[in-house]
Amino acid sequence: MIIKSIALGNVEEAYVEERLTDGVNIIFSDDNNKGKTLVMQGMMYAMGNQPIFPKGFNYRSNYFYCKAEINDEEIEFLRRDSSFLVKRQGAQYSFDNVTELKYFLVDENIFNIPQISKDEHRVIADLNLFYELFFIGQDKRNPSNTINSGYNNKKDFVNMLCSLNGYPLMDMEEINEENKQRIQQLKADIAATKKLLKLLKKNPDVSGYVDKYGDSTQFDTFRMRVKRLHNEIAEYKKKRNLEYNRKEKLESLVQELNSLNREIEQGNVICAKCGSDKIIYKSKGISFEVSNSYVRRQVLSSIAYQISQKEEIIFLSFGLGNVGIRNMELILHI
Amino acid sequence: MYRFTTTERNNEKASEYETKAMLYLFGCRQDSRDMDVFIIDCFNDVSGANRDVNRLWDVQSKGVKSLNPKKIGEALVTLFQNYCSDIEFEHYILFMPKLKEMYLNDEDRTYFQIDNFKLQYIDKIKQGLKNEYERRNSIKPQETDLDNFLQMVEFVIAEEQKQGYIRRITSFRSSLRLEEAFYDALFEDIRNQQTILKTKNIDGYQIMNAAEVLQYEKLLWKKEIDELVINRILGMDLFNSRQVPNSFIDEIASLDAEDRKDVIQECQSDIARLLFDKNRRHIFWRFFGRLLSYADAIRVESPREIEEQIRRDNVVIPRILSQKSVVYLISALKEGLNDDN
């Protein structure tokens, strides 16, 4: 993959980097905060990476563009928030989310992305994981936890190797980063609580006042978090239901199409005078079939494809919804 | 054990060449535009004609490997008989596979006249034709007729691939890269239709002028084939969610993202139902033909305007299609008609 040009911005301000050459390119500046990182991350974001922009940069209201030569073929990506436009060989394709883009890149053999299993489902690895391979962060950060850290783990790495080499995927249990962090967090909580208990014993008046104040601010943040999570969960549920409906509709469409394609045959006509079955039906004009088997196969296979794509979106939003619910449970100490 | 070797194979090859010959008339000649209809197996394997059937292109197709000059002469006999008949043909064309190289002066040409044959072979061709004519008619042909006829005959070398013929007869373009197998299947559709027409027997019937041939309905109209090709390409493009026809975007611009998805899926589903409904093909083709007669308007006007127009003109729309689906269908047509690639 050779990056040809990168651009980002909106109607008020924009930056276009077209000076890239086919060799090694170095982007530098004398000072910090000049936008080097934005250019690099904008490039990956345009091609479907997770947003990893510096805080304070409102990426949602900006457009990101990247032109790359992939397998001797020029492809242009344009992204705003979760919508993509891809231009390839004069044709434009639009996508509503990263998953659709991912499937496109895989189906058209643009990137060869391995399959891994997530929560007992076989999925194609996310583009984030793929772009990690190309990105080395600053300082001592290592690429495996710069982008979307914690989502992919050692197990996924093993599965990736399996998938790339044609072995069946492995499922193995382990204490992952997420659990480790949680254990640490709980330990820290215990320590903090112990301190608080000590303070309470020593000076009941002060602690009572602090408790009250702390309680109300804590409650406010708690309320905000619950509200936000509720909205997120509702959003995912809505999305899931819509996609589920569409999937159901497509499935019944397939059945309907198959039944439509049967020619109705009911008995036959004979001549009443001589009994001959050589009756000629004379009609003007065409009797071409409305479609041939090749076209019908194409229609059916693309419906099947859409169904499977919807299944993944349903599964994903289910998973993400679950993350929301889990967070909620944590907060509510259920 | 008994092994079948010959029965259908030759038939298939022969009919393949007849279809290629027809498609050659349709899209590969300078004067292709002047033809409106193909007459199947009446005067000859295929004859092209204009609407009034007062201009005729007569084609003999010979899908036989290893033609030698004598066989070429024999193959010309029907064309020659037509030349001698009361009906006037503008062109006499022999459509055949690539010849062994040594017969020709310039081997690279795919379209030539008798003068491209080396001198010693021209006589052999003439002799072959003469003998075959005598065998069939039991009289000797006029020497001057033979010479004049041979000066007029056009020889056309067929292409091996079917794909090219199909591509040349339509300017309608798919947004997908279609595989060879698609073109083969489409070629097959046309070939089967041609074969059905061939089985209508008119042996012994007489006509006084060429136009009367229309009554036998052994015809394929260019328009029909054109509609067929567009229909098939459209079918391939249909369930391609990544590429909604550009002009359809206006139709759904005011809806939110989720509603848009629903509308698109419904339209695609409706059209899929239309393309799978075997039992209403007459309704379909009548509608599709009427719709394509608006091709020029579709290129420039918005799909919604066209949809309103056809309703005003009382075009019968298949009941399977909703108003939006019709707009979607027109948008898809617009896309294919306007693609200049």
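Shown above is the structure to which this text applies.
Residues numbered from 1 in each chain as written. Chains lettered and ligands numbered in written order. Predicted model: local features only at pLDDT ≥ 70, side-chain atom pairs only at ≥ 80, totals over all residues.

1. As for the environment of Glu-305 of chain B
Residues and elements named next belong to chain B.
Thought 1: You can see Glu-305 is positioned in helix α13 (residues 303-312).
Thought 2: Among the residues examined, Glu-305 registers 14 C-beta atoms within 10 Å and is labelled partly exposed.
Thought 3: Residues Glu-305 and Val-327, spaced 22 residues apart in sequence, show a C-alpha to C-alpha distance of 9.0 Å. (Helix = DSSP H or I, 4+ residues; strand = E, 2+ residues; numbered from the N terminus. Buried ≥ 20, exposed ≤ 12 C-beta atoms within 10 Å, placed from the backbone.)

2. Some points on the sheet that holds strand β3 (residues 56-61) of chain B
All names here are of chain B.
Thought 1: Spatial ordering of the open sheet is given by β5-β6-β4-β3-β2-β1-β7, a layout of seven strands whose pairing is mixed. The two strands at the open ends of the sheet, each matched to only one other strand, are β5 (111-112) and β7 (219-221).
Thought 2: Direction of pairing for strand β1 (residues 37-40) relative to strand β2 (residues 46-49): antiparallel, over a ladder of four bridges. Looking at β2, one finds that Phe-38 is bridged to Gly-48.
Thought 3: Sheet contacts for helix α3 (residues 77-84): β3 and β4 (91-96); angle to β3, the most-contacted strand, approximately 155 degrees. (Pairing = 2+ DSSP bridges. Contact = placed C-beta atoms within 7 Å. Axes fitted to C-alpha atoms, helices over the stretch in contact; angles between N-to-C directions.)

3. A word on the sheet that holds strand β4 (residues 73-80) of chain A
All names here are of chain A.
Thought 1: With antiparallel pairing, six strands are arranged side by side in an open sheet as β2-β1-β3-β4-β5-β6. The open sheet is flanked by β2 (14-17) and β6 (91-95), the only strands paired with a single partner. Along the sheet, successive strands turn relative to each other by an average axial angle of 15 degrees, direction set aside.
Thought 2: Where strand β5 (residues 83-88) and β6 come together, five bridges link them in antiparallel fashion. Bridge pairing links Lys-87 to Gln-92 in β6.
Thought 3: Strands β5 and β6 of the sheet are contacted by helix α2 (residues 98-107), whose axis makes an angle of about 140 degrees with β6.

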